[in-house]
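Notes for the structure review
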Amino acid sequence: MIILGIETSCDETSAAVLKEEKGALFLLSNVISSSLDMHSKTGGIIPEQAAREQVKFMLPVITQALEKANIQIKEIDSIAVTYGPGLIGSLLVGVETAKTLAYVLQKPIIPVNHMIGHIYANFITPPEGEAPKIEFPAVALVVSGGHTDLLLLEGHGKYTLLGGTRDDAAGECFDKCARLLGYPYPGGPKISKLAESGNANAISFPRPMIGSDDYAFSFSGLKTAFLNTTRNHFPILRNNVPNSNAGWQQVVLENDLTEKEKQTIYDLCAGLQKAIVSVLVRKTIKAAQQYNVKSILISGGVSANASLRKTFEKETKEKMPDAKLFFPPRFLSTDNAAMIASAAFYHPKKVSWKEITADPELYF
Ligand code: KG4
Ligand code: ZN
């Protein structure tokens with residue numbers, strides 16, 4: 001079985017070829033082209049521009065994915081495509097391309113929910129690695145720029161949403177706090193880098209909803225706490241409204257920061273990261289214990305975060321020693337088409353090209 005995956009929900013244009021052999025999924029190619037640099041300059045993604053870039057990249061990316069996999073397009077058994085959630089203009093490029101290919105090649109389409117796709121990045125055999133032995137029941141945390149969701153998985157296609165964010169996603173909180181300091185999108189990797197030189201206990205931030213008896217999350221208040229705390233540490237900013245594109249650029253970009261001030265920036269980042277990681281880990285482990293799961297699956301862009309990985313490893317060992325913890329390889333944490341092909345393999349709901357439409361508001 002060979003599946004061509006297509007992912008165009010946001011600013012990445014991706015195509016991948018996956019092959020199934022003896023029940024394991026192998027990655028033959030995974031090509032990603034991103035319009036991220038363009039969006040960094042404007043301080044965020046402009047949907048219209050992202051969609052135009054998708055149109056430019058779509059066919060070259062598919063061609064390259066097939067070439068890298070050494071596969072002729074007629075050898076493909078089915079086409080998996082993200083149909084939501086995402087930006088409508090971007091989604092349409094992938095969906096219409098998949099429909100056209102399906103019609104011309106007379107192959108079925110498998111529509112995939114982008115968020116379920118993130119979870120299934122965990123099911124791909126990593127290059128040079130072994131096929132992951134994931135057992136059900138499992139809890140899955142999907143943590144990205146747009147979503148923070150916790151699900152219970154009782155089998156392929158059998159999932160229940162336990163809770164999600166009431167406002168901002170964890171990735172959004174990383175991105176917006178980084179922007180306050182003057183760093184462009186995506187801010188998560190930057191905060192994580194600065195946090196390496198900081199003391200996570202020097203500046204404390206609230207851990208929103210950490211003790212609530214449900215599985216809901218909230219990260220919007222943490223952004224405000226970060227803004228106020230940063231202002232308190234840098235009096236020069238007290239009467240200064242952050243520029244909407246550049247944030248408080250002068251704080252981090254001017255060269256005249258003292259060593260002490262630089263350390264304060266590192267400590268702010270480390271404190272923020274610790275607050276986000278603590279909430280994500282605590283709630284996921286709580287769900288894992290309540291449902292006595294065999295596997296814990298972490299996915300989405302924020303799952304690339306080193307501190308999140310380390311904390312999950314420690315807490316799983318201590319609190320759920322019989323459960324196995326899974327993270328996708330880092331290159332499959334952020335948006336990619338391989339995860340879409342993987343989800344399609346395990347949920348092979350084939351439809352004809354006439355039966356699929358993009359759904360930007362799709363949820364679970
Ligand atoms: O899954 P993804 O690529 O796109 C969405 O579906 O949103 O996730 C992007 C998010 C961004 O918010 C980015 O800042 C965050 O993932 N991210 C990280 C790290 N790498 C990416 N956040 C924290 N630490 C990282 N190392
Ligand atoms: Zn995503």
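Quick summary incoming for the structure in this document. Bear in mind the structure is a predicted one, so any value in this text is a computation, not a measurement.

Before going further, it helps to examine the overall build of the chain. For the chain, the helix and strand inventory stands at 11 helices and 10 strands. For 364 residues, the compact-globule estimate of 2.2 N^0.38 gives 21 Å, and the C-alpha radius of gyration of the chain, at 21 Å, lies within 12% of that figure. Across the 364 residues of the chain, 53% fall into the buried class. Excluding contacts between residues fewer than 6 apart, the proportion of contacts in the chain whose partners are at least 24 apart in sequence is 74%. Carbon together with sulfur atoms contributes 51% to the accessible area of the chain, which is approximately 16100 Å² in total. Taken as two groups, the 37 positive and 37 negative side-chain charges of the chain have centres that lie 3 Å from each other.

Turning to the packing of aromatic side chains, a few remarks are in order. Applying the stated criterion to the full structure yields 10 aromatic pairs. Centroid distance Tyr120 to Phe123: 4.5 Å. Interplanar angle 20°. Geometry classified as stacked. Comparing Tyr120 with Phe123, the two get one shared label, buried. For the pair Phe123 and Tyr346, a centre-to-centre distance of 5.1 Å together with 50° between the ring planes defines the contact as tilted. In this pair, Phe123 sits in the loop between α4 (114–120) and β6 (138–143) while Tyr346 sits in helix α11 (residues 338–346), placing the two residues 223 residues apart along the sequence.

Lining the immediate surroundings of ligand 1 are 19 residues, of which Gly145, Asp175, Gly188, Gly301 and Asn305 lie closest. Here Gly171 contributes a backbone N or O atom positioned 3.3 Å from an oxygen atom of ligand 1. The separation between an oxygen atom of ligand 1 and a polar main-chain atom of Val302 is 3.5 Å. In the complex, the protein chains occlude 90% of the 560 Å² of accessible area that ligand 1 would expose alone. Using a 2 Å cut-off from the grid points, one finds that ligand 1 occupies the largest pocket. Taken together, the elements giving at least two residues each to the shell around ligand 1 come down to α4, α5 (170–180) and α6 (188–195).

The strand order across the open sheet built from five strands is β3-β2-β1-β4-β5, with neighbouring strands paired in mixed fashion. The open sheet terminates on both sides in strands that have one partner only, identified here as β3 (24–34) and β5 (109–113). Averaged over all adjacent pairs, the angle separating strand axes in this sheet is 20°, with direction ignored. Two elements, strand β2 (residues 12–21) and β3, share 10 bridges in a ladder whose sense is antiparallel. When the sheet's bridge partners are listed, Ala15 is paired in β3 with Val31. Against the sheet, α11 touches β1 (2–7), β2, β3, β4 (78–84) and β5, its axis set at about 130° to β1.

As a further point, take the pattern of salt bridges. A pair can form between side chains of opposite charge whenever their charged atoms are brought close. Within this structure, the stated rule accounts for 14 salt bridges. A salt bridge links Arg52 to Glu48; its shortest N-O distance comes to 2.6 Å. Highlighted residues: Arg52 and Glu48, both in helix α2 (residues 47–69), separated by four residues, approximately one helical turn. The exposure class assigned to Arg52 is exposed, which follows from its relative accessible area of 53%. Residue classification places Glu48 among the partly exposed residues on the basis of a relative accessible area of 46%. Measuring nitrogen to oxygen at the nearest pair gives 3.6 Å for the salt bridge that ties Lys99 to Glu96. In this pair, Lys99 and Glu96 are both assigned in helix α3 (residues 88–105), three residues apart and thus about one turn of the helix distant.

All right, on to the side chain of Ser33 then. In this structure, Ser33 sits in strand β3. Among residues more than four places away in sequence, those in contact with Ser33 are Asp11, Glu12, Thr13, Phe57 and Val61.

Strand order in the open sheet made by the five strands is β8-β7-β6-β9-β10, with mixed pairing throughout. Pairing within the sheet leaves two strands with one partner each, and these edge strands are β8 (158–164) and β10 (324–326). Neighbour-to-neighbour, the strand axes of this sheet turn through a mean angle of 20°, independent of strand direction. Looking at chain direction, β6 and strand β7 (residues 148–155) are connected through six bridges and run antiparallel. Residue pairing across strands places Ala140 opposite Leu151, the latter belonging to β7.

So, on to α11. With respect to burial, α11 is a largely interior element, nine of its nine residues being buried. For α11, the set of buried residues is Ala338, Met339, Ile340, Ala341, Ser342, Ala343, Ala344, Phe345 and Tyr346. Each element contacted by the buried residues of α11 is listed here: β1, β2, β3, β4, β5 and α4.

Right, let's talk about unusual backbone geometry for a bit. Residue Pro85 is bonded to the preceding Gly84 through a cis peptide linkage, with omega at -10°. Within the element layout of this structure, Pro85 appears in the loop between β4 and α3. A cis amide bond, omega -5°, links Tyr185 with the succeeding residue Pro186. Its place among the elements puts Pro186 in the loop between α5 and α6. The phi dihedral of Asn70 falls on the positive side, at around 60°, and the residue is not glycine. Residue position: Asn70 is located in the loop between α2 and β4.

Definitions and limits used
Residues numbered from 1 in each chain as written. Chains lettered and ligands numbered in written order. Predicted model: local features only at pLDDT ≥ 70, side-chain atom pairs only at ≥ 80, totals over all residues. Heavy atoms only, no water. Helix = DSSP H or I, 4+ residues; strand = E, 2+ residues; numbered from the N terminus. Rg over C-alpha atoms; globule rule 2.2 N^0.38 Å. Buried < 20%, exposed > 50% of the residue type's maximum accessible area, 1.4 Å probe, protein only. Contact = heavy atoms within 4.5 Å. Areas by Shrake-Rupley, 256 points an atom, 1.4 Å probe, with all protein chains shown as cover. Lys, Arg positive; Asp, Glu negative; His and termini not counted. Charge placed at Lys NZ, Arg CZ, Asp CG, Glu CD. Phe/Tyr/Trp six-rings, centres within 6.5 Å; stacked < 30°, edge-to-face > 60°. Near = heavy atom within 4 Å. Polar contact = N/O pair within 3.5 Å; in protein donor to acceptor, adjacent residues only side chain to side chain. 1 Å grid on protein atoms, 1.4 Å probe; cavity = no way out; pocket = protein on both sides within 12 Å on 5 of 7 lines; lining within 4 Å. Sits in = over half its atoms within 2 Å of the grid points. Pairing = 2+ DSSP bridges. Axes fitted to C-alpha atoms, helices over the stretch in contact; angles between N-to-C directions. Salt bridge = Lys/Arg side-chain N within 4 Å of Asp/Glu carboxyl O.

In short, geometric facts, not functional conclusions.
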